[in-house]
Amino acid sequence: MSGSVLYDAQGPRAKRRNVVYSIVFVLALAALLWWVYQGLSDKGQLDWEKWKPFFSGGEAWTTYILPGLKNTLIAAALSMVIALPLGAVFGIARLSDHAWVRTPAAVIVEFFRAIPVLILMIFGNALFAQYTNVSSDDRPLYAVVTGLVLYNASVLAEIVRAGILSLPKGQAEAGQALGLRKTQVMTSILLPQAVTAMLPAIVSQLVVIVKDTALGGAILTFPELLASVSPMSSYYGANTIASFTVVAVIFIVLNFSLTSFASWLERRLRRAKKSTGAVLPPAAVSGAESTGVAA
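Each residue is numbered by its place in its chain's sequence as written, counting from 1. Side-chain atom pairs in this predicted model are given and counted only at pLDDT of 80 or more, local residue features only at pLDDT of at least 70, and totals for whole chains, interfaces and linings cover all residues. Heavy atoms from the whole structure form the basis of all side-chain values; hydrogens and water molecules are not counted.

A.B. asks: Quick question: what am I supposed to make of helix H3 (residues 59-93) here?
C.D. replies: Since one α-helical turn is 3.6 residues long, residues separated by three or four positions face the same way. A run of H or I in DSSP becomes a helix once it reaches four residues, and a run of E becomes a strand once it reaches two; helices and strands are each numbered from the N terminus. What a helix is expected to span follows from its residue count: subtract one and scale by 1.5 Å. The first and last C-alpha atoms of H3 sit 50 Å apart over 35 residues, in line with the 51 Å expected at 1.5 Å per residue. Take the seven residues that end at a residue and the seven that start at it, fit an axis to each, and the angle between those axes is the bend at that residue. Isoleucine 65 marks the point of greatest bend in H3, at about 35°, and the proline proline 67 comes within the next four residues.

A.B. asks: Sorry if this is basic, but what is going on with the packing of helix H5 (residues 117-131) against helix H6 (residues 139-165) here?
C.D. replies: Packed helix pairs are specified by the crossing angle of their axes together with the interaxial distance, meaning the distance between the axes. Lines fitted to C-alpha atoms define the axes, with helix axes restricted to the stretch in contact, and inter-axis angles between N-to-C directions lie between 0 and 180 degrees. Where H5 meets H6, the closest approach of the two axes is 8 Å, and the angle between their N-to-C directions is 135°. Relative to H6, the element H5 lies oblique. Of the two elements, H5 crosses H6, and the hand of that crossing is right-handed. Along its contact with H5, which presents Val117, Leu120, Met121, Gly124, Asn125, Phe128 and Ala129, the element H6 presents Arg139, Pro140, Tyr142, Ala143, Val144, Thr146, Gly147, Leu148, Leu150 and Tyr151. Across the contact of H5 with H6, the residue classes break down as 12 nonpolar, four polar and one charged. Convention used here: angles under 35 degrees read as roughly parallel, angles over 145 as roughly antiparallel, angles from 65 to 115 as roughly perpendicular, and any remaining angle as oblique. By definition, turning the near helix anticlockwise from the far helix through less than a right angle yields a left-handed crossing, and turning it clockwise yields a right-handed one. Contacts are residue-level and defined by heavy atoms, with any inter-residue pair within 4.5 Å sufficient. Three residue categories are used. Nonpolar comprises Ala, Val, Leu, Ile, Met, Phe, Trp, Tyr, Cys and Pro, charged comprises Asp, Glu, Lys and Arg, and polar comprises the others, including Gly.

A.B. asks: Can you walk me through the pattern of salt bridges in this structure?
C.D. replies: If the charged atoms of two oppositely charged side chains come close together, the side chains can form a pair. Definition used for salt bridges: Asp or Glu carboxyl oxygen within 4 Å of a side-chain nitrogen of Lys or Arg. Tallied over the full model, the rule gives four salt bridges. Of the charged contacts, one joins arginine 94 and glutamate 158 as a salt bridge, the two residues approaching to 2.5 Å between their closest N and O atoms. You can see arginine 94 sitting in the loop between H3 and helix H4 (99-114) and its partner glutamate 158 sitting in helix H6, a full 64 residues away along the chain. For arginine 94, a relative accessible area of 16% corresponds to the buried category. A salt bridge links glutamate 110 to arginine 113; the shortest N-O distance between them is 3.0 Å. A residue pair is termed a helical-turn pair when its members lie 3 or 4 positions apart in one helix, as glutamate 110 and arginine 113 do in helix H4 at three residues. Buried, partly exposed and exposed residues are distinguished by accessible area as a fraction of the type maximum, computed with a 1.4 Å probe on protein chains only: under 20%, between the cut-offs, and over 50%, respectively. Taking the relative accessible area as the measure of exposure, arginine 113 reaches 34% and is therefore partly exposed. A single salt-bridge network, built from bridges that share partners, covers Arg94, Glu110, Arg113, Glu158 and Arg161.

A.B. asks: Got a minute to help me understand the packing of helix H7 (residues 169-177) against helix H8 (residues 182-219) in this structure?
C.D. replies: The interhelical angle for the contact between H7 and H8, taken along N-to-C directions, is 155°, at an axis separation of 10 Å. With respect to their mutual orientation, H7 and H8 come out roughly antiparallel. Crossing of H7 against H8: the hand is right-handed. For the pair H7 and H8, contact is made by Gln171, Ala172, Gly175 and Gln176 and by Val185, Ile189, Leu190 and Gln193, respectively. Its residues placed into classes, the contact of H7 with H8 shows four nonpolar, four polar and no charged.

Written out as structure tokens, the structure reads:
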């Protein structure tokens with residue numbers, strides 16, 4: 001029997017069996033989709049009147065969707081801007097040779113990484129209500145950003161630490177052999193090389209930040225994108241399915257754009273690292289050959 005490195009080639013009976021399984025699966029999936037379609041159609045959720053507000057006129061967008069999207073982007077952007085450098089600082093601190101730096105950083109990271117982000121948002125809301133003068137209108141935004149920063153900075157700290165530890169030890173040893181201090185080795189040698197390895201995990205965490213803003217709308221009445229579904233559905237005659245579908249598509253486009261940008265940036269960084277440096281002009285090369293200078 002002919003085979004490959006990973007598995008043996010299928011025989012005639014196995015091929016027929018797999019074809020039957022595939023046909024059964026496709027038919028079952030088609031039946032499920034038809035059942036869902038019929039259920040939605042019977043309840044009137046596929047009627048044009050339910051979807052019309054999103055395709056004819058801009059009232060639904062300007063009144064509900066775009067303001068909610070704006071708040072989502074504001075909360076996510078603030079959380080990213082604060083959590084990224086904070087996570088980098090704590091990640092590097094966990095690698096310190098000094099116990100008085102390494103131990104407190106480890107305790108803080110493990111503590112906030114173990115608490116659900118929703119609890120951090122609720123505590124943040126109570127904290128701002130009791131001990132600050134933040135207005136009730138701004139308090140949900142502050143609480144959402146606080147919870148997202150504390151949790152995601154802790155997760156990002158572990159990503160940074162793992163990315164740096166993944167580098168060969170010779171990188172740091174070479175820098176120290178050149179007389180660089182530990183801070184210089186970290187900022188000039190280790191971190192620039194670790195960025196490319198960490199980028200996919202960092203972007204995944206940024207996507208989590210965007211999605212977790214919805215927790216503030218569900219619990220703290222933060223007027224983000226997902227929270228716009230309830231008033232929008234009530235105003236347009238209980239078009240819940242249509243509203244959720246439109247909001248879901250917006251989240252997909254937003255997160256896909258973020259992931260695509262990160263993939264482009266990662267490829268660009270990898271190409272830059274493969275570069276050998278400045279390119280000599282032909283005149284310089286011919287001049288070196290004429291004088292007998294070795295390249």
